Amino acid sequence: MPYLIDGHNLIPRLPGMNLADLDDEMRLVDMLQEFCRRQRKQAEVFFDNAPPGGTRLRNFGLVIARFVRQGRTADQAIHERLERLGRTARNWTVVSSDKAVQASARARQAQFLSSEIFAGMLLEALDTTRRDPGDQDSVSMSADELDDWMNLFGADENNPG
């Protein structure tokens, strides 16, 4: 399920990130790119207060950043995006802790997650200290296991070819 994310609602929920930082939006986009790559998902992230004359939409592969011009809010833009999605909105998950955004998602039968819950999911997915048990760099086997495999495939010590 792809995500519609209220970016400025999510940033304060992430450790080490602050809305006052100059690069907060791009740091979030970078995190979302890696998250989406690992989860095989797509996301659209909405940011308030786009500078006048700036690009309002930037495509970063699996992540699309939408910069909402002044005079409108990301909340309004998410609501409008859900409206445009129509019946397919039920295939999306909205990420925001804003009650009005959640109500808009509910009205369109979209799933929704609070920013706090999604921040936890994002951090867990990006945690490089955790390893997938099936993701091993090398596999070792005992001498007996090696002998069993050699016998199974008919390899002979004296005739390796």
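Structure: see above.
Please read these numbers as outputs of a predicted model, since none were measured by experiment.

Peer 1: Account for the overall build of the chain, naming residues and giving values.
Peer 2: From N to C terminus, the chain includes 6 helices and 6 strands. Order of helices (α) and strands (β) in the chain, N terminus to C terminus: β-α-α-β-β-β-α-β-α-β-α-α. Here the chain, with 161 residues, has 36% of them falling under the buried criterion. Nonlocal contacts in the chain, meaning residues at least 24 apart in sequence, comprise 49% of its contacts between residues at least 6 apart. Summed over all atoms, the accessible surface of the chain reaches about 10,200 Å², with 48% contributed by carbon and sulfur.

Peer 1: Outline unusual backbone geometry, listing residues and values.
Peer 2: In the Ramachandran plot, Arg40 falls in the positive-phi region, its phi being about 55° despite a non-glycine side chain. Notably, Gln109 is not glycine yet its phi reads approximately 60°, a positive angle. Looking at where Gln109 falls in the secondary structure, it is placed in the loop between α4 (99–107) and β6 (111–113).

Peer 1: Just give me the short version of the packing of helix α2 (residues 24–39) against helix α5 (residues 115–126), but keep the residues and values in it.
Peer 2: Contact geometry for α2 and α5: axes closest at 10 Å, N-to-C directions at 70°. When the axes of α2 and α5 are compared, the pair comes out roughly perpendicular. Along this stretch, α2 crosses α5, giving a crossing that reads as left-handed. Within the contact between the two elements, α2 uses Leu28, Met31, Leu32, Glu34, Phe35, Arg38 and Gln39 and α5 uses Phe118, Met121, Leu122, Leu123, Ala125 and Leu126. Residue classes in the contact of α2 with α5 are distributed as 10 nonpolar, 1 polar and 2 charged.

Peer 1: Which residues make up α2, and what values do they have?
Peer 2: An ideal rise of 1.5 Å per residue puts 22 Å on 16 residues; α2 measures up with 22 Å between its terminal C-alpha atoms. Contacts from the buried residues of α2 go to β1 (3–6), α1 (7–10), β2 (43–50), β3 (57–60), β4 (63–69) and α5. Of the residues flanking the end of α2, it is Arg40, one or two places downstream, whose phi is positive at about 55°.

Peer 1: So what about the pairing of β1? Which residues, and what values?
Peer 2: Alternating residues of β1 divide into Tyr3 and Ile5 and Leu4 and Asp6, and every residue in both groups is buried. Pairing of β1 with β2, which is carried by 4 bridges, proceeds in the parallel orientation. Each residue of the ladder has a partner; that of Ile5, found in β2, is Val45. In this sheet, strand β5 (residues 93–95) lies alongside β1 in parallel orientation, the contact comprising 3 bridges. Looking across to β5, one finds that Leu4 is bridged to Val94.

Reading guide: rules and limits
- Residues numbered from 1 in each chain as written.
- Predicted model: local features only at pLDDT ≥ 70, side-chain atom pairs only at ≥ 80, totals over all residues.
- Heavy atoms only, no water.
- Helix = DSSP H or I, 4+ residues; strand = E, 2+ residues; numbered from the N terminus.
- Buried < 20%, exposed > 50% of the residue type's maximum accessible area, 1.4 Å probe, protein only.
- Contact = heavy atoms within 4.5 Å.
- Areas by Shrake-Rupley, 256 points an atom, 1.4 Å probe, with all protein chains shown as cover.
- Axes fitted to C-alpha atoms, helices over the stretch in contact; angles between N-to-C directions.
- Parallel < 35°, antiparallel > 145°, perpendicular 65-115°, else oblique.
- Left-handed = near helix turned anticlockwise from the far one by under 90°.
- Nonpolar A, V, L, I, M, F, W, Y, C, P; charged D, E, K, R; others polar.
- Expected span 1.5 Å × (residues − 1).
- Pairing = 2+ DSSP bridges.

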